[in-house]
Amino acid sequence: MPVILGIESSCDETSAAVCVDGVMLSNVIANQTIHEAYGGVVPELASRVHQQNIVPAVQQALSNAKVNKNDIDAVAFTRGPGLLGSLLVGVSFAKAFALAKNLPLIEINHMQAHILAHFIAEDKPSFPFLCLTVSGGHTQIVLVKDYFDMEIIGQTLDDAAGEAMDKTSKILGLPYPGGPLIDKNARLGNPEAYKFPEPQIPGFDFSFSGLKTSILYFIRDNIAADPDFIQKNLADICASVEKRIASILLNKLQKAAMQYNIKDIALAGGVSANTGLRQGLLEMGAKNGWKCFIPKFEYCTDNAAMIAIAGYYKYLKGEFADQHIAPMARMPF
Ligand code: KG4
Ligand code: ZN
C-alpha cells in the first residue's frame with residue numbers, strides 16, 4: 001500500500017496530493033491570482049508565490065487525506081517541463097522532505113503526468129491509446145504504448161492551443177487566463193457566426209499562429225467599421241473561435257486514430273476543460289466508435305494528483321531519482 005506525496009509547481013499552480021495504493025485521497029491546488037494584473041504569468045512572481053504556498057499546500061493535502069507525514073513512502077515531483085524558477089521550488093521542497101524523512105524521490109515529466117491523470121479514474125484507457133494533450137504551452141498527439149512509453153506523433157509548430165485561446169481573449173480585451181472566459185462566452189453564442197481558416201499542415205502537426213493573425217485582422221477591420229463590434233458580438237466571436245480551435249484539434253486526432261487504428265482516445269491538459277472541445281470529442285467518438293476518456297475538471301488543469309498517480313506507477317517499477325537531481329525547463333519524454 002505505497003503512500004505517495006505528489007508535488008506540482010511547474011507554472012502558476014502550487015499543488016500537493018496524496019495517493020494511497022493508486023487511490024487519490026487529496027489534491028490541493030493553490031491558484032496564483034497575482035498574474036491577472038499583468039495579462040500573463042510573470043515567472044519571478046510565480047516562483048515567489050510557490051515559496052509561500054508550498055508548505056501550506058502539503059499540510060492541507062496530508063490533512064485532507066488523513067495521512068501522517070511519517071506514513072509517506074515516496075515523494076513524486078514535477079521535474080519539468082515548465083518555468084525553471086517555479087520548478088525549482090517544488091523540486092527543492094521534494095528533495096528536502098525526502099532527505100529529512102529518508103524517503104525515495106520520484107521524478108515526473110509534467111506532460112506524461114497530464115496523460116497519466118486518466119489512471120486516477122476507475123475507467124482507465126487500455127494501451128495503446130491516443131491522447132490529445134492540450135495546454136498553455138503544449139499541443140501534442142501522443143501514442144501511449146505503456147505508462148512511461150509514449151511517442152509524440154504530432155505537435156504544434158508554433159503556438160499551443162491554450163495560447164491561441166489566451167491570445168484571442170487578449171485581443172478581445174478579456175482578462176488572463178482567457179481560455180475559461182472564451183468557454184463561458186461561447187456557451188451564449190453561435191459557433192457558425194464567423195468562419196476562421198483551418199491551416200493545412202501535413203501529417204499530425206498543428207499550427208495556430210495563422211489563426212491568431214486572422215482573428216487579429218478580423219477584429220481590427222470590424223472595429224474600424226463599428227467601434228462596439230466586440231461588445232455587440234462577443235459571444236458569437238468566442239463561439240466561432242472555440243469551434244475552429246476544437247475542429248483543428250479534432251480533425252488531426254481523427255486522422256491519427258484512423259492511421260494507427262486506435263479506438264481508445266483520451267484528452268488531457270488545461271484546454272481539455274473546454275466545453276466545446278469535450279462535446280466535439282464525444283460527437284466524433286460516437287461517429288467513429290471510439291471509447292473516449294475525458295478527465296474530471298480538477299485533473300485537467302495543472303494539479304499534483306496527476307504527479308502522485310504517475311509517481312505511484314514509477315514506484316511500482318522501482319524507478320527512483322537521487323538527491324542531485326535538478327529541474328529541467330525543457331524535458332523530453
Ligand atoms: O495544463 P494547464 O493548466 O497549464 C499548462 O501546463 O499550460 O493549461 C492552461 C491552459 C491555459 O491556456 C488556459 O487558458 C487553458 O488551459 N484553459 C482553457 C479552459 N480552461 C483552461 N481553455 C479553454 N477552455 C477552458 N475551459
Ligand atoms: Zn500542464
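Owing to the predicted nature of the structure, the values given are computational and were not obtained by experimental measurement. (Residues numbered from 1 in each chain as written. Chains lettered and ligands numbered in written order. Predicted model: local features only at pLDDT ≥ 70, side-chain atom pairs only at ≥ 80, totals over all residues.)

Asker: Mind laying out the UniProt feature "domain: Gcp-like" (unreviewed entry) in the chain, listing which residues take part and the relevant values?
Answerer: Residues given the UniProt feature "domain: Gcp-like" (unreviewed entry) here are residues 24-308. Between the C-alpha atoms that bound residues 24-308 there is a distance of 8 Å. The span itself is 47% helix and 17% strand. (UniProt positions renumbered as here; feature names shortened; annotations may be inferred. Helix = DSSP H or I, 4+ residues; strand = E, 2+ residues; numbered from the N terminus.)

Asker: Account for the sheet that holds strand β2 (residues 13-20), with residues named and values stated.
Answerer: By way of backbone hydrogen bonds, the strands of a sheet pair with one another, either parallel or antiparallel. What the five strands build is an open sheet, ordered β3-β2-β1-β4-β5; its pairing is mixed. The strands lining the two open edges of the sheet, one partner per strand, are β3 (23-31) and β5 (105-109). Geometrically, the sheet is characterised by an average inter-axis angle of 20° between neighbouring strands, direction not taken into account. For strand β4 (residues 74-80) and β5, the ladder comprises five bridges, and the chain directions are parallel. Within the sheet, the bridge partner assigned to T78 lies in β5 and is I108. Together, β1 (3-8), β4 and β5 form the strand contacts of helix α2 (residues 84-101), whose direction differs from that of β4 by roughly 155°. Contacts from helix α9 (residues 305-317) reach β1, β2, β3, β4 and β5, with the element oriented near 135° to β1. (Pairing = 2+ DSSP bridges. Axes fitted to C-alpha atoms, helices over the stretch in contact; angles between N-to-C directions. Contact = placed C-beta atoms within 7 Å.)

Asker: Could you give an account of the nonpolar core, with specific residues and numbers?
Answerer: Ranked by internal contacts, the top residues of the largest apolar core, which has 96 residues, are V75, I307, A308 and I309. The element that contributes the greatest number of residues to this core is helix α7 (residues 229-260), accounting for twelve residues. In this structure, A308 is in contact with I4, G6, A17, V18, C19, M24 and A76, ignoring residues within four places of it in sequence. (Core = buried A, V, L, I, M, F, W, Y, C linked by C-beta atoms within 7 Å. Buried ≥ 20, exposed ≤ 12 C-beta atoms within 10 Å, placed from the backbone.)

Asker: Lay out the sheet that holds strand β9 (residues 264-268) with the relevant residues and their values.
Answerer: Within the open sheet, the five strands sit side by side as β8-β7-β6-β9-β10. Their pairing is mixed. The open sheet has two free edges, formed respectively by β8 (149-155) and β10 (291-293), since each of these has just one partner strand. Neighbour to neighbour, the strand axes of the sheet diverge by 25° on average, direction disregarded. Examined bridge by bridge, strand β6 (residues 129-134) and β9 share four bridges and lie parallel to one another. Across the sheet, L130 pairs through a bridge with I265, a residue of β9. α7 contacts β6, β7 (139-146), β8 and β9 of the sheet and is inclined by roughly 160° relative to β6.

Asker: Let's hear about unusual backbone geometry: which residues, and what values?
Answerer: Geometrically, the link from F127 to P128 is a cis peptide bond, its omega value of -10° lying close to zero. Within the secondary structure, P128 sits in the loop between α3 (110-116) and β6. One non-glycine residue, N102, lies in the positive phi region at around 55°. Examined against the element boundaries, N102 turns out to sit in the loop between α2 and β5. In the Ramachandran plot, N261 falls in the positive-phi region, its phi being about 55° despite a non-glycine side chain. With respect to the helices and strands, N261 occurs in the loop between α7 and β9. Residue N261 is classed as exposed on the basis of its C-beta count, with 7 C-beta atoms lying within 10 Å.

Asker: Requested: an account of the pairing of β8, with residues and values cited.
Answerer: Examined bridge by bridge, β7 and β8 share six bridges and lie antiparallel to one another. The residue of β8 that forms the bridge with V142 is I152. Hairpin connection between β7 and β8: a loop of two residues separates the two successive antiparallel strands.

Asker: So, the site of ligand 1: which residues are in play, and what are the values?
Answerer: Inspection of the region around ligand 1 gives 20 residues, with G136, G162, G179, G270 and N274 positioned closest. Secondary-structure elements contributing two or more residues to the shell around ligand 1 are α4 (161-171) and α5 (179-186). At four residues, the largest contribution of residues to the shell around ligand 1 is made by α5. The residue makeup of the shell around ligand 1, split by class, is seven nonpolar, ten polar and three charged. (Near = placed C-beta within 6 Å. Nonpolar A, V, L, I, M, F, W, Y, C, P; charged D, E, K, R; others polar.)

Asker: Residue-level account of the UniProt feature "binding site: substrate" (unreviewed entry) in the chain, with values.
Answerer: In this numbering, the UniProt entry assigns the feature "binding site: substrate" (unreviewed entry) to T133, V134, S135, G136, G137, D166, G179, D183 and N274. Not counting chain neighbours up to four residues away, the residues in contact with V134 comprise T139, A161, G162, L249, G269, V271 and S272. Residue placement: G136 occurs in the loop between β6 and β7. Excluding anything up to four places from it in sequence, G136 contacts A160, G162, E163, D166 and G270.

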